[in-house]
Amino acid sequence: MDLTYTAEEEDFRARLREWLGKALPTLPPKPSPDDWPGRRAYDLGWQRMLYDAGYAHVHWDAEPTTRLIFLEETEKAGAPYVGANFVGLLHAGPTIAAEGTDAQRQRWLEPILRGEEVWCQGFSEPDAGSDLAALRTRAWRDGDDYVVSGSKIWTSHAEVADWCELLVRTDPTAAKHRGITWLAMPMDAPGITVRPLRTLAGSAEFAEVFLDEVRVPVANRVGDENDGWRVTMVTLSFERGTAFVGEVVACRRVLGELAREARANGRWDDAVLRRRLALLEADFRALWRLTQWNVSEASAGGVPGVGGSVFKLRYSHARQELYDTAADVLGDAALDLDRPWVLDRLSSLSYTIAAGTSQIQRDIVAERILGLPKGR
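The structure contained in this document is the topic of the report that follows. (Residues numbered from 1 in each chain as written. Predicted model: local features only at pLDDT ≥ 70, side-chain atom pairs only at ≥ 80, totals over all residues. Heavy atoms only, no water.)

### Some thoughts on the pairing of strand 7 (residues 206–217)
As a general feature of sheets, a regular strand has side chains that alternate between the two faces.
Reasoning step 1: Examined bridge by bridge, strand 3 (residues 145–152) and strand 7 share seven bridges and lie antiparallel to one another. Along strand 7, the bridge assignment pairs V147 with R215.
Reasoning step 2: As judged from the six bridges shared by strand 6 (residues 192–197) and strand 7, these two strands associate in the antiparallel manner. Bridged to L197 within strand 7 is F206. (Pairing = 2+ DSSP bridges. Helix = DSSP H or I, 4+ residues; strand = E, 2+ residues; numbered from the N terminus.)

### Digging into the nonpolar core
Reasoning step 1: Of all hydrophobic cores here, the largest spans 27 residues; its most connected members are V248, L258, F284, L287, Y315, L322 and W341.
Reasoning step 2: Broken down by secondary-structure element, the contributors of at least two residues to this core are helix 7 (245–265), helix 8 (271–301) and helix 9 (307–330).
Reasoning step 3: The biggest single contributor to this core is helix 9, with nine residues.
Reasoning step 4: Discounting chain neighbours no more than four positions away, the residues touching V248 are F284, L287, W288, T291, F311 and Y315.
Reasoning step 5: In terms of nonpolar packing, the next biggest core, distinct from the first, is built from 26 residues, A56, L113, W119 and V222 among them. (Core = buried A, V, L, I, M, F, W, Y, C linked by side-chain atoms within 4.5 Å. Buried < 20%, exposed > 50% of the residue type's maximum accessible area, 1.4 Å probe, protein only. Contact = heavy atoms within 4.5 Å.)

### Concerning the side chain of N85
Reasoning step 1: Here N85 lies in the loop between helix 3 (64–76) and helix 4 (86–99).
Reasoning step 2: Polar contacts involving the side chain of N85 include one to the main-chain carbonyl oxygen of D43, which spans 3.1 Å.
Reasoning step 3: If sequence neighbours within four positions are ignored, N85 has contacts with D43, L44, Q47, L90, E117 and V118. (Polar contact = N/O pair within 3.5 Å; in protein donor to acceptor, adjacent residues only side chain to side chain.)

### Considering the side chain of K152
Reasoning step 1: On the secondary structure map, K152 appears in strand 3.
Reasoning step 2: Assessed through its relative accessible area of 2%, K152 is described here as buried.
Reasoning step 3: Reaching out from K152, the side chain makes a polar contact with the side chain of E125 at a distance of 2.9 Å.
Reasoning step 4: At 2.8 Å, the side chain of K152 forms a polar contact with the backbone oxygen of L167.
Reasoning step 5: The contacts of K152, once residues within four sequence positions are left out, are G122, F123, S124, E125, L135, T137, L166, L167, A207, E208 and V209.

### Some words on the pairing of strand 4 (residues 163–169)
Reasoning step 1: Counting buried residues along strand 4, seven of its seven residues qualify, which places the element largely inside the surrounding structure.
Reasoning step 2: By the alternation rule, side chains of strand 4 split into W163, E165, L167 and R169 and C164, L166 and V168, which are all buried.
Reasoning step 3: Summarising the sheet, strand 1 (residues 119–122) and strand 4 pair through four bridges and their orientation is parallel. For W119, the partnering residue across the bridge sits in strand 4 and is W163.
Reasoning step 4: When strand 4 meets strand 5 (residues 180–186), the two strands line up antiparallel, connected through seven bridges. The residue of strand 5 that forms the bridge with E165 is A184.

### Quick look at the pattern of salt bridges
Pairing between side chains of opposite charge can happen when the charged atoms of each approach one another.
Reasoning step 1: All chains considered together, the criterion is met by 23 salt bridges.
Reasoning step 2: Among the salt bridges present, the one from R13 reaches E73, with a minimum N-O distance of 2.6 Å. Residue R13 is located in helix 1 (residues 7–23), and its partner E73 is located in helix 3; the two are separated by 60 residues in the primary sequence. Take R13 and E73: they sit in the same class, and that class is buried.
Reasoning step 3: Close ionic contact of E110 with R114 constitutes a salt bridge, the shortest N to O distance being 3.4 Å.
Reasoning step 4: Beyond isolated ion pairs, a larger network of salt bridges with shared partners links E10, R13, R17, E72, E73 and K76. (Salt bridge = Lys/Arg side-chain N within 4 Å of Asp/Glu carboxyl O.)

### Brief notes about the packing of helix 4 against helix 5 (residues 102–113)
Reasoning step 1: Contact geometry of helix 4 with helix 5 gives a least axis separation of 10 Å together with a crossing angle of 155°. Regarding the angle of helix 4 to helix 5, the classification is roughly antiparallel. Crossing handedness for the pair helix 4 and helix 5: left-handed. Contacts between helix 4 and helix 5 pair G88, L89, G93, I96, A97 and A98 from the former with Q104, R105, W108, L109, I112 and L113 from the latter.
Reasoning step 2: Across the contact of helix 4 with helix 5, the residue classes break down as eight nonpolar, three polar and one charged. (Axes fitted to C-alpha atoms, helices over the stretch in contact; angles between N-to-C directions. Parallel < 35°, antiparallel > 145°, perpendicular 65-115°, else oblique. Left-handed = near helix turned anticlockwise from the far one by under 90°. Nonpolar A, V, L, I, M, F, W, Y, C, P; charged D, E, K, R; others polar.)

### Description of the packing of helix 1 against helix 2 (residues 36–53)
Reasoning step 1: Two elements in contact, helix 1 and helix 2, have axes separated by 12 Å at closest approach and are oriented at 135°. One element, helix 1, and the other, helix 2, form an angle in the oblique class. Here helix 1 runs over helix 2; the crossing is right-handed. Here W19, L20 and A23 of helix 1 lie close against helix 2, whose contacting residues are W46, M49, L50 and A53.
Reasoning step 2: Split into classes, the residues belonging to the contact of helix 1 with helix 2 amount to seven nonpolar, no polar and no charged.

Here it is as structure tokens:
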């Protein structure tokens, strides 16, 4: 695989840099972390700017190197991340593009790209987190609707979402992987209760969602009934394979900032700390190359492969190691929540759980890449 950039791709980089230089100064001030309606409006506004400038498509149908250049340059320029658009742009949208009908693509994809609708992810349940196939939220057919009852937890951006990518059990008698269906649920439907959850870092981007006989049109089913586990694997492939691309660039930037801070406060004299920084630099260089591979594979086949699990496994631990090292660089200041990197260190603790625990990723690597037998 050729990982070098062509003259045409470098021209795209130059044009993007020029546009970012003009566009970013026009953005309004960022809302406070607790102002979710404000954050929604801010994130949707940025997405609309990307759409109007012709850059919104890069998450889905651009060439892989174009996508990488976009993510690299926007992160380096300090542009807003996808924010409240995360699930729609990086999970639900690509899944609908790969598995949805023509009518579903026409209904949902453009509003996501134009920054008009926000999606949340209704996968995990109180007793079905790592073992997602154990979910118990029921959906039964009633004419042209499914009637849904149950609950979800860690539902990303539920408090400001218009739609939810929802996993439900439509055949309670089937083996647990075989009775699941993927639905697009409107979040304004009667019977939905959303209760925000506050994280260790003090933010509230997750919520509990309670569903009391919520009616979802059968037309909102993506894939066949009881084929939702296969569709879910498509979603999780995007989540593990390409959704963290921009974060790798951000971590490489933070690593450079840590080195400068260590030189400024005298901790650079610690040879052990310098070695840790060097190992992290090697880690994130390797992860960037793996990212290029995964995005290229997704471009060739439409969906990222199991290499996404290799990336997710190593990236989760590298990110935690990065911010543990940041605490060593800061010293006593690592207890000050107003200092850079401190809240990031708290949020990094979730990365070995979110998007599939490290234990789950090791099982996938062992069974689907190394061909080892399944555990009993």
